[in-house]
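What follows is the residue order along each chain.
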Amino acid sequence: MEVTLQKSQTLNKVHRESLYPLFEQVFGIPSHMLQDYYDRGFWDPRYGPYTIFKENRAIANVSVIPMSWIIDGEPVTAAGIQSVMTLPSERGKGYMKKLMNLVLEDLTNHYSFIFLQTEIPALYEKYGFKKVEEHIFVTEAFQNRSIRNSSLKKLDFLKKRDAEIIQSCFTRQHSNSYVFSPLNYEHSLYLNLYNPFFSEKMFYSESLDLLLVYEIRDQVLKLYDVVAKNSVNLCEICSVVPEVFKKVEMHFTPDQMTQMKDLQTLKKDGTLMVKGKLPIAGHPIAFPITASF
């Protein structure tokens, strides 16, 4: 059978739909969900797949997206590697090595940082990637011992008006961190929202004009993400959460929301890896799971 490689810097319909069965078999993502994701305009138009086909069937893939970050106070355009997948019956034939080498050859001279996410770092260390040490930031400074009225509105991203609210917050996004923070990751957020873990935790505060992804567990406010149009501090965020909590955990780098010196840190089992030397050695950081790509 003929084996060919196709690279699409601008994703076309045929190439996109050829990846659906591969997503379904490798990651268990249903084809109808991917089509819905595209039809609603959520799919990042910059998504660029490198795909190996056997006849007309996609058997292995590595995709690339440009990513906007703030790193050490500077705006940075990096590359993200995602959708790394090989059909189970085609593994062990060198297809992934061929794709990774080609992708890195294309990216290395154009980007100072290349990111990917994995639960198996050893697979990518041979390509020069290193695991990013991530943290959870903890404080007991903001006490909330009584349930209050709240203007928080639970969002349903499948409703047009709620999707517009989400988009408006990203369009004017104020970064939570000048040390280490991704920007404009709404396409990743939309895909994650198909998972109830995320969609059941997303709210909008009209008074603060921001998105809030959180849950309360054992009287701990777990803040997974805040997407705000304006500068906002942790005290203001706590004031709009109606449930009882005694402690706050922030699962992203929060230096623009609170004094970092007042926070405790816990190491977390992050999945982020980077190729390139990050200029933030010694600074505790975190990558928000809502931006997972």
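Attention in this report is confined to the structure presented alongside it. (Residues numbered from 1 in each chain as written. Predicted model: local features only at pLDDT ≥ 70, side-chain atom pairs only at ≥ 80, totals over all residues. Heavy atoms only, no water.)

### Considerations on the overall build of the protein
Move 1: Within the protein, the regular secondary structure consists of eight helices and 15 strands.
Move 2: Reported as C-alpha extents along the three principal axes, the dimensions of the protein are approximately 65 × 40 × 30 Å.
Move 3: Within the protein, residue pairs in contact and separated by at least 24 positions form 73% of the contacts whose partners lie at least 6 positions apart.
Move 4: Accessible surface for the protein amounts to roughly 14200 Å². Of this, 49% is attributable to carbon and sulfur atoms. (Helix = DSSP H or I, 4+ residues; strand = E, 2+ residues; numbered from the N terminus. Contact = heavy atoms within 4.5 Å. Areas by Shrake-Rupley, 256 points an atom, 1.4 Å probe, with all protein chains shown as cover.)

### Some points on the nonpolar core
One recurring pattern in soluble globular proteins: nonpolar side chains tend to sit buried together.
Move 1: If you look at the biggest cluster of nonpolar residues, it comprises 75 residues, and the most contacted ones within it are Trp69, Ile81, Phe115, Phe129, Ile166, Phe180 and Leu211.
Move 2: The biggest single contributor to this core is strand β3 (residues 57-71), with nine residues.
Move 3: In this structure, Leu152, Leu210, Phe245 and Phe252 belong to the second largest nonpolar core, which totals 24 residues. (Core = buried A, V, L, I, M, F, W, Y, C linked by side-chain atoms within 4.5 Å. Buried < 20%, exposed > 50% of the residue type's maximum accessible area, 1.4 Å probe, protein only.)

### Topic: the packing of aromatic side chains
The relative placement of two aromatic rings is captured by the distance of their centres and the angle of their planes.
Move 1: Within the structure shown, the criterion is met by 20 aromatic pairs.
Move 2: Between tyrosine 37 and tryptophan 43, the ring centres sit 5.6 Å apart and the planes meet at 50°, which makes this aromatic pair tilted.
Move 3: Its relative accessible area of 6% is what places tyrosine 37 among the buried residues.
Move 4: On the basis of relative accessibility, which here comes to 10%, the residue tryptophan 43 falls in the buried class.
Move 5: Each member of the aromatic cluster is reached from another via a ring pair, and the members are Tyr20, Tyr37, Phe42, Trp43, Tyr47, Phe157, Tyr190 and Tyr194.
Move 6: Sitting over the ring of tyrosine 38, arginine 16 keeps its end group 3.4 Å from the ring centre.
Move 7: Its end group placed over the ring of phenylalanine 197, lysine 201 keeps NZ or CZ at 4.0 Å from the ring centre. (Phe/Tyr/Trp six-rings, centres within 6.5 Å; stacked < 30°, edge-to-face > 60°. Lys NZ or Arg CZ within 6 Å of the ring centre and 35° of its normal.)

### Some points on the side chain of threonine 86
Move 1: Positionally, threonine 86 belongs in strand β4 (residues 74-86).
Move 2: For threonine 86, a relative accessible area of 10% corresponds to the buried category.
Move 3: In this structure threonine 86 touches Leu22, Val26, Ile59, Ala60, Arg91 and Met96, once residues within four positions along its chain are discounted.

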